[in-house]
Amino acid sequence: MVNSGEKVCIRGLRDVAAAETRISFVDPLGALYYAGYNIDDLIGKVCYEEIFHLLIHNKLPNKTELEALKTDLRSEMKLPDPILDSLRSTPKNCHPMEVLRTEVSRLGEYDENRDDNSEQANKKRATMLAAKVPAIVASFHRIRQNEKVLDPKEEYGLAENFLYLFRGKPLDAEEKDAMERYMILHADHGLNASTFAARVTASTFSDMYSAVTSAVGTLKGKLHGGASERVMHMLSEVPHLDDVEEYIQGMLFDRKRVMGFGHRIYLAEDPRSKHLKKISKALCQNEHRADLYAKCKKIQAVVHREKKIYPNVDFYAALVLNALDIHSEFFTPFFASSRISGWTAHILEQYADAVLIRPTSNYVGVYERNFVPIEER
Ligand code: COA
């Protein structure tokens, strides 16, 4: 008899701590801290670049550091010609997350320093990726629309440049503020599935591009970052405010998941959702969007009444991005373009921790089967 060596198996690794981190803390009671700062104290007071610096270097930058970082990020937003050529030859019906997954991987092919896995080289790569991921997303959109790929503007920060490169028109003050807040709120979130995937890859000492590619592929799924795109789909399926109740009851009766609701960690309202709700309310002033906002509020009330669960980051984020004129297929790529800061910070932390992440599994198949040669099967 084989000794199965059965171990305690925790499905979905629920409540298992698989790493120690100084990057962010997700408080189940409904708070989020970036390197010790409550996001409620940061939002509206800092720019996205300051958060990137905080996550990567564990401290907020001073003015000189911030200016230098902004300059580096802006210059890194220009894509190498082979990446632009690759985007031009990509089938236009590809989902932008598929395109992003491929192009992040391709960036690694053009890294002339590929053999340098020092902390300094990886911090430079993190800055480069934080700039190039949004640039890839924006450029693919422009190319798909048969529009010119634009150059980032000197006077803009990363969030403003990202949306400018994507839409091709300047942002008004409210849009700029919304974009900054959106990116800050999506920058990091503990050991979520995509960050975990990135850390697993980094734990083998594979390169940063491979780790980020793992993360992009993981974020794409509908139980993770892919949920926001589906929130928009759900909103389009509910014709009027009065239909919300029946629609949601129908979904729950069919035991379907309402996209943008529920969370593995939070027992209370997701703190990011509170901010995104406020931002979307301010942006949704015109008649059509006011209607979308009202539908969202009603969905929130019905889902909470029936299931006692709250909206997560993806629910009101969908409304914010819709109000910024971004097509729903690009919602997850916008998420990735912000989370790249958290992913790279965690990859750096994992390299420093230098431990292989390799759990075990309990074998539940049969034992001692009699082998039958192929001629006799
Ligand atoms: N819609 C309806 N019911 C939901 C739900 C949702 N979005 N999320 C959780 N629930 C219910 C489950 O059916 C379950 O109820 P039950 O005990 O009566 O069966 C209970 O809440 C617990 O759910 P569980 O599957 O154990 O939670 P989880 O931690 O495994 O899953 C998510 C977390 C995020 C995957 C899950 O909430 C979900 O699928 N949400 C929708 C997708 C989404 O928005 N993803 C983005 C996450 S940021």
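This text goes with the structure placed above it.
Residues numbered from 1 in each chain as written. Predicted model: local features only at pLDDT ≥ 70, side-chain atom pairs only at ≥ 80, totals over all residues. Heavy atoms only, no water.

Before going further, it helps to examine the pattern of salt bridges. One pass over the full model with this rule turns up 17 salt bridges. For Glu119, the salt bridge is made with Lys123, and the minimal N-O distance between the two is 2.9 Å. Here Glu119 pairs with Lys123, and both are found in helix H6 (residues 119-144), just four residues apart, close to one helical turn. In this structure Glu119 comes out as exposed when scored by relative accessible area, which is 52%. Where Arg272 meets Asp270, a salt bridge forms, and the shortest distance between an N and an O atom there is 2.7 Å. (Salt bridge = Lys/Arg side-chain N within 4 Å of Asp/Glu carboxyl O. Helix = DSSP H or I, 4+ residues; strand = E, 2+ residues; numbered from the N terminus. Buried < 20%, exposed > 50% of the residue type's maximum accessible area, 1.4 Å probe, protein only.)

Around the ligand lies a shell of 20 residues, among which Arg257, Val258, Gly260, Phe261 and Arg264 are the nearest. Within the backbone of Leu223, one N or O atom sits 3.0 Å away from a nitrogen atom of the ligand. Starting from 860 Å² of accessible surface for the ligand in isolation, the protein chains cover 71%. Of the residues belonging to the shell around the ligand, the class tally is seven nonpolar, five polar and eight charged. (Near = heavy atom within 4 Å. Polar contact = N/O pair within 3.5 Å; in protein donor to acceptor, adjacent residues only side chain to side chain. Areas by Shrake-Rupley, 256 points an atom, 1.4 Å probe, with all protein chains shown as cover. Nonpolar A, V, L, I, M, F, W, Y, C, P; charged D, E, K, R; others polar.)

A separate point is the packing of aromatic side chains. Applying the stated criterion across every chain yields a total of 10 aromatic pairs. Ring geometry for Phe261 against Phe315: centres 4.7 Å apart, planes inclined by 55 degrees, an arrangement best described as tilted. Placement of Phe261 in the loop between helix H12 (244-253) and helix H13 (271-283) and of Phe315 in helix H15 (residues 313-323) is noted, with a sequence separation of 54 residues between them. For the pair Phe261 and Phe315, one class covers both residues: buried. Among the aromatic residues, those joined into a ring-pair cluster are Phe162, Phe166, Phe330 and Phe334. (Phe/Tyr/Trp six-rings, centres within 6.5 Å; stacked < 30°, edge-to-face > 60°.)

The next subject is the nonpolar core. Residues Tyr34, Leu129, Ile299 and Phe334 are the most contacted members of the largest nonpolar core, which totals 111 residues. Per-element tally for this core: the top contributor is H6, with 12 residues. Not counting chain neighbours up to four residues away, the residues in contact with Phe334 comprise Val137, Phe162, Leu163, Phe166, Met179, Tyr182, Leu321 and Ile326. (Core = buried A, V, L, I, M, F, W, Y, C linked by side-chain atoms within 4.5 Å. Contact = heavy atoms within 4.5 Å.)

Moving on: the side chain of Gln350. When you line up the elements, Gln350 lands in helix H16 (residues 331-353). From its side chain, Gln350 meets the backbone oxygen of Val355 in a polar contact 3.1 Å long. Look past the residues within four positions of Gln350 in its chain and what remains in contact with it is Arg199, Ala202, Ser203, Val355 and Ile357.

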